Amino acid sequence: MERKFKHLFSPIKIGHMTVKNRIEFAPGCHMLATGDGMVTREMIAYYQSIAEGGAGIVTIGESAIDFVHAAGHQFQLNLGDRNVFTGLCQISEAIHKYGAIASIEVCHNGSQIISSGLPAISPSPQITIREERAAKAEGRRRHPVMKMSLSDIEDVIDGFAYSFDMLKRAGFQMGMLHAGHGHLISQFLSPLTNHRDDSFGGSFENRVRFFDEVLSAIRAKVGKDFIIETRISVDEMHEGGLEQEEMVEVMKRVSDKVDLVHASVARLNEPLTAIYTIQPPYLKNGINVHYAEYMKKHLDIPVTTVGAITDPVMCEEIIASGKADVISMIRSQLADHEFANKARKGEEEEIRPCVRCMTCVRYTGERVAPVRCAVNPVVGRELEYQYGYVKPPMKSKKVCIVGGGPAGMQAALTASERGHEVVLFEKENELGGQLICASALPFKNDMARYLDWLIRMTKKAPGVTVKMNTEATAELVRAEKPDAIVVAAGATPIIPDLPCEDSNMLKWVGDVDTGKEQVGERVVVAGGGLAGVESAYALAQSGKQVTVIDKLPENKLGAEGPRGGVYLNKLLGTKFVTEVKLVRVTKEGAVVLDKHWEEMLIPCDTVVLALGMKARSEACAQYADLAEDVFFVGDVRYAHNVYQAIHDAFHAMHTI
């Protein structure tokens, strides 16, 4: 059988083992372990679902060699506690039964650890930028960092070897040694963080020594038949840090002990470069592939690429052109657990696209909560929804849906999957609601792909009738004799009644983003939320002089959206005026009032209003008594984001 993505689904020999395809589930925070680092049933189901979805390698996220000095965050696995062994056996079995290779990212965070009550340890007593900022924000003292003694170094080397040995005994065929992103091994490698004057610091040879000895100790424990992948930052993207030429030399020194090189970039403790490690939608897809390509040209071992690779067409091109040997993805496989299986069958249009909204990162990294995905409500809840905890409906029912935005379409899809009959009313001549605006900007191609997918899947879903150009009324809905009604009527823009000398100067952000309205050369964007920050970025990219104003302080701007929006805006020259309120618009520009009750004029030609949305609550009352079950989902409940819309609708339809 000729496959569409024949290179992506060709087997590959890595070390002494053969992997069935070139797709790896990348390591990422899951927050599904217990507080003391043990495996849970939820965690097993999470990784089992990815293996069932067809990935060749399934890598469990960052797991510490101990919880004293090594843990970088909560609710990860504690490989330093032998009590984790039974759970490791269970999770490796769950992955293996679908023919995938089971792996774990093994790490020590060094100076980047969460506080355990003890000082952090590192090659040099240097506090990270992230810790500096966190301490300032939290109003506390900085957690101290202690220079590692030679005895400490020996203990850590033994800890890595013990962890890998336990993985092998638990049935894992592979382990990923984390030597990048500013973690402990990269702290030894980098002249930015290694200022030692002994045999583990100073010269290039000495800085590589720790990495080499860790790998030697691991290989001595696991033997040649166990795959060792190592994750590196090919370029630290920091002045004075490691660059790709030196990283090639590092890997040449240790390549006899490594089977696979995982080519990532940057340092996670540097907020301004971390966006290149976990890329927001403002950066192009596959932005880091060239780093893997560079390493592959200089090394004789297979190379993995990672970073915003979101569709099988790109995957195929990367493998076919020889830029990398393995594609590592996490967000694409969270958005659709069946990513690999669908691609293998040539059903790429069925794959639910990742929108790179960073919900998964915000939940695990910022909220320290179980992993979630905006577009796939099953993520982190596989035990509940995928493996039998949800009861099927007793009988098929008729569901009327008011509104064809993301909440309305998700409600239709979920109701259809559960065997219900659906009638969806949409007053406009196209489906999409607020996603039409949200996907309009040039860099929102991932959101545009998702919108296309939602529309396509809704129109083809069994038992779903879509009535376009039909504004729902109580009479129309009553005539359908529904068993359940879903009100997903959306929200309307907040447009304040401002004194304005020239009404042509005021534009709504949605009209600007979709090209319905044009702006002048000098633009003030009123509102520093996600819509405002993204619109400002697009305008700045097109050469406009942009100023963003907001009532909040700068560190709160764009908080509900992907990282990097404010930083990338500043690189393009966007100015931010915060803790002010827009009070009027004159022919000269926008007049704002600051927290000291002083007015200031910001000269401009156009003011773009991005002040949020308000729920269409007036649309709700007329449906309240028309069916046994009436649900209000998405923005009509309260204006928020895609996550809320999709999850509201999904959960509501699982109750009928």
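Residues numbered from 1 in each chain as written. Predicted model: local features only at pLDDT ≥ 70, side-chain atom pairs only at ≥ 80, totals over all residues. Heavy atoms only, no water.

**Structural notes on a negative patch on the surface**
A cluster of acidic side chains, namely Glu154, Asp155, Asp158 and Glu213, defines a negative patch on the protein surface. Take the negative patch: its biggest share by element is three residues, from helix α4 (residues 150-169). Summarising the element assignment, Glu154 is placed in helix α4. Take Glu154: its relative accessible area is 51%, and that puts it in the exposed class. (Patch = residues over 30% accessible without salt bridge, like charges linked within 9 Å, V, L, I, M, F, W, Y side chains within 5 Å. Areas by Shrake-Rupley, 256 points an atom, 1.4 Å probe, with all protein chains shown as cover. Salt bridge = Lys/Arg side-chain N within 4 Å of Asp/Glu carboxyl O. Lys, Arg positive; Asp, Glu negative; His and termini not counted. Charge placed at Lys NZ, Arg CZ, Asp CG, Glu CD. Helix = DSSP H or I, 4+ residues; strand = E, 2+ residues; numbered from the N terminus. Buried < 20%, exposed > 50% of the residue type's maximum accessible area, 1.4 Å probe, protein only.)

**A few points about the sheet that holds strand β27 (residues 629-632)**
Read across the open sheet, the five strands follow the order β15-β14-β13-β16-β27; overall the sheet is parallel. The strands lining the two open edges of the sheet, one partner per strand, are β15 (464-467) and β27. Looking at each pair of strands side by side, their axes are set apart by 15° on average, direction ignored. When strand β16 (residues 484-487) meets β27, the two strands line up parallel, connected through four bridges. Each residue of the ladder has a partner; that of Val486, found in β27, is Phe631. (Pairing = 2+ DSSP bridges. Axes fitted to C-alpha atoms, helices over the stretch in contact; angles between N-to-C directions.)

**Topic: the pattern of salt bridges**
All chains considered together, the criterion is met by 31 salt bridges. Across the pair Arg456 and Glu349 runs a salt bridge, and its minimum N-O distance is 3.9 Å. Linking Arg456 in helix α16 (residues 445-460) with Glu349 in the loop between α11 (339-344) and α12 (359-366), this pair joins segments that are 107 residues apart in sequence. Of the residues examined, Glu349 reaches a relative accessible area of 51% and is grouped as exposed. Among the salt bridges present, the one from Asp446 reaches Arg449, with a minimum N-O distance of 3.7 Å. Here the residue Asp446 and the residue Arg449 both occupy positions in helix α16, the gap between them amounting to three residues, near one helical turn. By relative accessible area, which is 1% here, Asp446 ends up buried. Members of the salt-bridge network, linked through shared partners, are Asp212, Asp256 and Lys257.

**Points about the nonpolar core**
Among the nonpolar cores identified, the biggest contains 154 residues, and Leu77, Leu88, Phe172, Phe210, Phe211 and Tyr450 are the most heavily contacted of them. Excluding residues within four positions of it along the chain, Leu77 makes contact with Ala33, Gly37, Met38, Val39, Met43, Ile60, Ser63, Ala64, Phe67, Val84, Leu88 and Ile104. (Core = buried A, V, L, I, M, F, W, Y, C linked by side-chain atoms within 4.5 Å. Contact = heavy atoms within 4.5 Å.)

**Digging into the packing of aromatic side chains**
Two descriptors summarise a pair of aromatic rings, namely the distance from one centre to the other and the angle between the planes of the rings. The tally for this structure, following the rule as stated, stands at 12 aromatic pairs. Ring centres 6.4 Å apart and planes at 75° place the aromatic pair Phe188 and Phe200 in the edge-to-face group. Of this pair, Phe188 sits in helix α5 (residues 184-189) while Phe200 sits in the loop between α5 and α6 (204-222); the two residues are 12 residues apart in sequence, bridging distant segments of the chain. The burial state of Phe188 is the same as that of Phe200; both residues are buried. Relative to Tyr537, the ring of Tyr282 has its centre 5.6 Å away and its plane inclined at 70°; by these criteria the two rings are edge-to-face. Within this pair, whereas Tyr282 is found in the loop between β10 (260-264) and α8 (289-298), its partner Tyr537 is found in helix α19 (residues 530-541), the two being separated by 255 residues in sequence. The exposure class of Tyr282 is buried, given its relative accessible area of 7%. Judged by relative accessible area, Tyr537 falls into the buried class, the value being 7%. Grouped by ring-pair contacts, the aromatic residues Phe25, Tyr46 and Tyr47 constitute a single cluster. The positively charged end of Arg367 is found above the aromatic ring belonging to Tyr363, 4.2 Å away from the centroid. (Phe/Tyr/Trp six-rings, centres within 6.5 Å; stacked < 30°, edge-to-face > 60°. Lys NZ or Arg CZ within 6 Å of the ring centre and 35° of its normal.)

**A word on α19**
Taking 1.5 Å per residue as the helical rise, α19 with its 12 residues ought to reach 16 Å, and the 17 Å between its terminal C-alpha atoms agrees with that figure. Of all 12 residues in α19, nine are buried, a share of seventy percent or more. Of the residues making up α19, those classed as buried are Gly532, Val533, Glu534, Ser535, Ala536, Tyr537, Ala538, Leu539 and Ala540. Residues of α19 that are buried sit in contact with α18 (509-513), β19 (522-526), β20 (545-550) and α20 (565-571). After α19 finishes, the residue Gly543 shows a positive phi value of roughly 100°. (Expected span 1.5 Å × (residues − 1).)

**Quick notes on the state of the cysteines**
Per the stated rule, a full pass over the model turns up zero disulfides. No disulfide involves Cys107; its sulfur sits 9.1 Å from that of Cys29, the nearest cysteine. Take Cys107: its relative accessible area is 0%, and that puts it in the buried class. Cysteine Cys400 shares no disulfide, and the gap to the nearest cysteine sulfur, in Cys620, comes to 16 Å. The buried category is assigned to Cys400, whose relative accessible area is 0%. (Disulfide = S-S within 2.5 Å.)

**Quick word on the pairing of strand β4 (residues 57-64)**
Among the eight residues of β4, eight are classified as buried, and the element is accordingly described as predominantly covered. The pairing of strand β3 (residues 23-25) with β4 spans two bridges and is parallel. Bridge pairing in β4 places Phe25 opposite Val58. The sheet contact formed by β4 and strand β5 (residues 101-107) spans six bridges and is parallel. When the bridges of β5 are listed, Thr59 appears paired with Ser103. For the crossover that starts at β4, traverses helix α2 (residues 85-96) and ends in the parallel β5, the hand is right-handed. (Right-handed = clockwise from strand over helix to strand, strands pointing away.)

**A word on the environment of Gly80**
Structurally, Gly80 can be placed in the loop between β4 and α2. The class of Gly80 is partly exposed, set by a relative accessible area of 39%. Each C-alpha atom of the pair Gly80 and Gln126 lies 25 Å from the other, and the pair is 46 residues apart in sequence. The residues contacting Gly80, other than those within four sequence positions of it, are Ala64, Ile65 and Asp66.

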